[in-house]
Amino acid sequence: MGASCILADALLPDGRRVDVTVVDGAVASVDEVTPADQGTSGHPSGRELTGDHLASAPAEPFERHDLGGMLLLGGLAEPHAHLDKALSAEVVVNATGDLVGAITAWHGARGAITAENTMARALRAVEIAVEHGVTAIRSHVDVGADIGARGVEAVGEVRRLCRRVVDLQLVALVGVPLTGPEGAGNRRALAVALEAGADLVGGAPALDPRPAEYVTVCLDAAAEAALPVDLHIDETLDPQARAVVHLARGVLDHGFPHPVTASHCVSLGMMSEAEQREIAALVAAAGVGVVTLPQTNLFLQGRGLRTAPPRGLTALEALAEAGVRVAGGGDNLQDPFNLMGRGDPFETASLLVTAGHLRPDDALRQVSASARDVMGLPAAEPIPGAVADFVAVAAGSVRQAIAAAPGTRKTFKAGRLVAHTAHRVVVPGAPPA
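Procedures and definitions
Residues numbered from 1 in each chain as written. Predicted model: local features only at pLDDT ≥ 70, side-chain atom pairs only at ≥ 80, totals over all residues. Heavy atoms only, no water. Phe/Tyr/Trp six-rings, centres within 6.5 Å; stacked < 30°, edge-to-face > 60°. Lys NZ or Arg CZ within 6 Å of the ring centre and 35° of its normal. Salt bridge = Lys/Arg side-chain N within 4 Å of Asp/Glu carboxyl O. Helix = DSSP H or I, 4+ residues; strand = E, 2+ residues; numbered from the N terminus. Pairing = 2+ DSSP bridges. Axes fitted to C-alpha atoms, helices over the stretch in contact; angles between N-to-C directions. Contact = heavy atoms within 4.5 Å. Buried < 20%, exposed > 50% of the residue type's maximum accessible area, 1.4 Å probe, protein only.

### Focus on the packing of aromatic side chains
Evaluation of the coordinates by the stated rule reveals 0 aromatic pairs. Positioned over the ring face of F299 is R303, at 4.6 Å from the centre of the ring.

Here it is as structure tokens:
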């Protein structure tokens, strides 16, 4: 059950100043603030409760949060994280800086990483995200014959500990090979991970000798467990990579009934415009959502190409034109796959503006409303009936919020204040304000 509160004097992206009334974790009303409203009595916002308010008012008193004109946005979401790898860059070193180097480094180290260490880093990564305004995370977690499902079990415990502050989905990222007789151990590990509480079936078909068969194995396992799928797809600059086609056709041919997500899709950005349009139409027809991951793909892709290195992003424009649901994610957080990252969706949005040439409003949507949509979560917006997951930030517009990434924020989960950060600047010698 969510909380009941009033978020007073919030600034919305359209410029309105409003009071948002939340009842049991959902938005009950959004009322514009006028000078006549100030100083009146009754309702915690300063106005009397109307009949509509009373119909849904809780028995307990409202909690009041005075935002003082802070910009109020729907809760930010992280649709693609790796919490089991997060914050490991100091101890797991990527010698070459590329994807192969990251995979080699991580697989060489993961057998010695304890469940306690995984939990500690994952918990800190969740805390960082929530502090920045994130109320939903989808994390891929390694699963394999060598490590079993212990990562899913460790991050699952983090999910239990953080259930009041964030919605955490776990994807069983099964290793390779997955196909043929040699993949039997990984297939067993995947089954164990699903029994251990993974919410989605995941993997990386391009790393398997039989990518199309890999996709089929994942779809079959997910269909049997009645779970969605989220695969790492075509994380390469090779325009001949076609795992995204295997996935979309597999969904259509099998009549797969659950949500499907294709993460990365880097190769699509390297194809001709005609190929992009054709494949984007196929992806749209299959109902597959796409998650683009600018920071990690900018870090990993294009190394060694000194002339006109590609940006390593998917074909954002073609996908949008085809009506594909596209979200933006941060992917790795200070680990061998990405040495950088602040765990802040505004950082992802900024890169989507700078490297992906999206407008600020569209970039914000990809890390909030669109990300929640791809994750299968209900809308979280300052509109009546929506889930009351919000971030209030000290900014005057969406563009300012993305550009400056202000340190003063308040995160609300189902109407409950779950994080509050305040940024204060002190200039030595300056006169007091």
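### Quick word on the pattern of salt bridges
The tally for this structure, following the rule as stated, stands at 21 salt bridges. Salt-bridge contacts for R210 lead to E182; the nearest nitrogen and oxygen are separated by 3.1 Å. Here R210, found in the loop between β9 (200-203) and α6 (211-225), pairs with E182, found in the loop between β8 (167-174) and α5 (184-195); they are 28 residues apart in sequence, far enough to count as distant. E275 is the partner of R242 in a salt bridge, and the nearest nitrogen-oxygen pair spans 2.9 Å.

### Considerations on the sheet that holds strand β10 (residues 229-233)
Taken together, the 8 strands give an open sheet; going across it, the order is β6-β7-β8-β9-β10-β11-β12-β13, and neighbouring strands pair in parallel fashion. With one partner strand each, in any of the chains shown, β6 (76-81) and β13 (326-328) form the two edges of the open sheet. Pairwise comparison of adjacent strand axes, ignoring direction, gives a mean angle of 25 degrees for this sheet. The pairing of strand β7 (residues 134-143) with β8 spans 8 bridges and is parallel. Bridge pairing in β8 places I137 opposite L168. Helix α11 (residues 345-354) rests against β6, β7, β12 (289-292) and β13 of the sheet, and its axis sits at about 80 degrees to β6.

### Remarks on unusual backbone geometry
Omega for the peptide link from V176 to P177 comes to 0 degrees, which places this bond in the cis form. Assignment of secondary structure puts P177 in the loop between β8 and α5. The backbone phi angle of D9 is positive, close to 55 degrees, even though this residue is not glycine. By the element assignment, D9 lies in strand β1 (residues 5-11). The phi dihedral of C265 falls on the positive side, at around 50 degrees, and the residue is not glycine. The buried category is assigned to C265, whose relative accessible area is 2%.

Bear in mind that shape data such as this cannot, by itself, settle questions of function.
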